[in-house]
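Results of the structural survey
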Amino acid sequence: MHYRFHILPGGIPKYALDKHVEMGGEYFDVIDGGYDLKAKDGGTALRLSTRFFNKSQLKTYGDLWGKMVLNDFHQSILGLMKNRAEQRHQQQQ
């Protein structure tokens with residue numbers, strides 16, 4: 001499943017994010033993202049990805065920082081999904 005971000009102006013309150021990570025802001029813009037499933041070791045691996053555009057003047061640093069922040073976000077989301085799936089599976093047994 002893949003999607004494009006469409007964030008309306010004012011859709012995210014100014015105080016919710018630092019101006020350096022504001023989506024559609026002065027420094028970064030998110031483009032699209034998605035979930036990919038891949039067979040792995042008799043099971044299925046789930047991967048979350050997000051593409052972003054670095055508008056800052058610190059290209060290499062901004063790219064590294066953006067990837068680090070998104071990776072942390074991805075791990076949090078995937079961890080939450082994993083925990084919920086495992087809890088539901090345990091409840092059904």
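Our structure is the block above this text.
This text gives an overview of the structure that appears in the document. (Residues numbered from 1 in each chain as written. Predicted model: local features only at pLDDT ≥ 70, side-chain atom pairs only at ≥ 80, totals over all residues. Heavy atoms only, no water.)

1. Digging into the overall build of the chain
Helices and strands together make up the secondary structure of the chain, namely one helix and three strands. The globule rule puts the C-alpha radius of gyration for 93 residues at 12 Å, and the 16 Å found for the chain is more than 25% above it. Dimensions of the chain, computed from C-alpha atoms along their principal axes, come out at roughly 50 × 30 × 20 Å. Expressed as a percentage of its 93 residues, the buried residues of the chain come to 18%. In the chain, once contacts between residues fewer than 6 apart in sequence are set aside, the share between residues at least 24 apart is 51%. Of the accessible surface of the chain, which amounts to about 7,800 Å², a share of 56% is contributed by carbon and sulfur atoms. One finds the centroid of the 13 positive side-chain charges in the chain at a distance of 3 Å from the centroid of its 10 negative side-chain charges. (Helix = DSSP H or I, 4+ residues; strand = E, 2+ residues; numbered from the N terminus. Rg over C-alpha atoms; globule rule 2.2 N^0.38 Å. Buried < 20%, exposed > 50% of the residue type's maximum accessible area, 1.4 Å probe, protein only. Contact = heavy atoms within 4.5 Å. Areas by Shrake-Rupley, 256 points an atom, 1.4 Å probe, with all protein chains shown as cover. Lys, Arg positive; Asp, Glu negative; His and termini not counted. Charge placed at Lys NZ, Arg CZ, Asp CG, Glu CD.)

2. Focus: unusual backbone geometry
At aspartate 41, a position not held by glycine, the phi torsion is positive, near 50°. By the secondary structure assignment, aspartate 41 is in the loop between strand E2 (28-40) and strand E3 (43-54).

3. Thoughts on the environment of glutamine 57
Secondary-structure assignment places glutamine 57 in the loop between E3 and helix H1 (59-92). The class of glutamine 57 is exposed, set by a relative accessible area of 81%.

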